[in-house]
Amino acid sequence: MVKSNLLAEFAVSKDRLIQALACVSNLADRAVVQAIVHPKDTILGFAFSNTLINGESGDQIYAYYIIVQEEMMGAKFMVNGEEWPLFYISCSEQFINSIAALEPRDNQFLKIELLSITEEDEPDVLKSEAFIMGDHNSAVGSILQHPSSQDDDTTLDADETQSVLYG
């Protein structure tokens with residue numbers, strides 16, 4: 001049996017979403033979506049990120065693109081910060097091009113739903129589904145399968161976010 005859990009729904013400008021995915025796409029074909037969490041456990045936005053590590057030297061290159069709640073319309077978060085799971089979204093060129101082809105809804109915005117999917121027979125495997133809707137019943141989605149527990153942080157404290165933004 002499949003269990004689908006809606007984590008968040010919101011609208012964001014088409015350009016902002018494409019910029020977030022394109023920023024990370026230079027390093028990887030998927031981005032980790034971390035919730036930015038206020039000390040009172042309220043989700044304030046998301047950081048799209050990934051890190052590229054050179055196995056020989058240990059050098060790291062990372063990319064973060066942050067979208068805060070003030071840039072969203074109608075943001076609803078169905079889980080609090082401490083419940084935010086490991087979540088991935090595709091950054092492939094094909095996925096970004098498909099988003100670019102969507103006709104935006106109101107005021108250049110696309111509606112986004114983020115869902116976490118588990119299957120009863122594979123409890124250690126999660127699927128992250130990003131469903132992006134445009135006008136005229138058009139939509140693009142990505143479903144990425146990954147282990148349910150990894151060392152990646154699933155959230156950023158609001159203070160950490162400021163250090164990412166301002167050094």
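Not measured: the values here are computed from a predicted model.

K.L.:
When you look at the nonpolar core in this model, what are you seeing that I'm missing?
P.N.:
In a soluble, globular protein the nonpolar side chains are often hidden away together inside. With 36 residues, the main nonpolar core has Leu17, Leu21, Phe46, Phe48, Trp84, Ile99 and Leu114 as its most contacted residues. Looking at this core, the element that brings in the most residues is helix H1 (residues 14-25), giving five residues.

K.L.:
Where do I start with the confidence of the model for the protein in this structure?
P.N.:
Close inspection of predicted coordinates is inappropriate in any region flagged by low pLDDT. Taken over all residues, the pLDDT of the protein has a mean of 87, while the share at 70 or more is 89%. Taken element by element, the predicted model of the protein shows its lowest mean pLDDT in helix H3 (residues 158-166) (52) and its highest in helix H2 (residues 93-101) (96). Long-range and interchain partners of residues 163-167, a stretch whose pLDDT sits below 50, account for four contacts in this model, where long-range means more than four residues apart.

K.L.:
Looking at this model, I keep getting lost on the pairing of strand S7 (residues 109-119). Mind explaining?
P.N.:
Counting buried positions along S7 yields eight of 11 residues, so the element is predominantly enclosed. By the bridge criterion, nine bridges tie S7 to strand S8 (residues 122-133) in an arrangement that is antiparallel. Within S8, the position partnered with Ser116 by the bridge is Ser128. Hairpin geometry of S7 and S8 is characterised by an intervening segment of two residues between the two adjacent antiparallel strands.

K.L.:
What is the right way to look at the packing of H1 against H2 in this model?
P.N.:
The description of two packed helices rests on the angle between their axes and on the distance between the axes. Running from N to C, H1 and H2 point in directions that differ by 170°, and their axes come no closer than 10 Å. Compared by their axis directions, H1 and H2 come out roughly antiparallel. For the pair H1 and H2, contact is made by Lys14, Leu17, Ile18, Leu21, Ala22 and Ser25 and by Phe95, Ile96, Ile99 and Ala100, respectively. Classifying every residue of the contact of H1 with H2 gives eight nonpolar, one polar and one charged.

K.L.:
What is the right way to look at the pattern of salt bridges in this model?
P.N.:
Here the idea is simple: oppositely charged side chains can pair when their charged atoms come close. Applying the stated criterion across every chain, the model contains four salt bridges. Residues Arg16 and Glu71 are paired through a salt bridge, measuring 2.3 Å at the closest nitrogen-oxygen approach. Taken together, the residues span a long stretch of sequence, with Arg16 in helix H1 and Glu71 in the loop between strand S4 (60-68) and strand S5 (72-77) at a distance of 55 residues. The exposure class assigned to Arg16 is partly exposed, which follows from its relative accessible area of 26%.

About the criteria used
Residues numbered from 1 in each chain as written. Predicted model: local features only at pLDDT ≥ 70, side-chain atom pairs only at ≥ 80, totals over all residues. Heavy atoms only, no water. Core = buried A, V, L, I, M, F, W, Y, C linked by side-chain atoms within 4.5 Å. Buried < 20%, exposed > 50% of the residue type's maximum accessible area, 1.4 Å probe, protein only. Helix = DSSP H or I, 4+ residues; strand = E, 2+ residues; numbered from the N terminus. pLDDT = per-residue confidence, 0-100. Contact = heavy atoms within 4.5 Å. Pairing = 2+ DSSP bridges. Axes fitted to C-alpha atoms, helices over the stretch in contact; angles between N-to-C directions. Parallel < 35°, antiparallel > 145°, perpendicular 65-115°, else oblique. Nonpolar A, V, L, I, M, F, W, Y, C, P; charged D, E, K, R; others polar. Salt bridge = Lys/Arg side-chain N within 4 Å of Asp/Glu carboxyl O.

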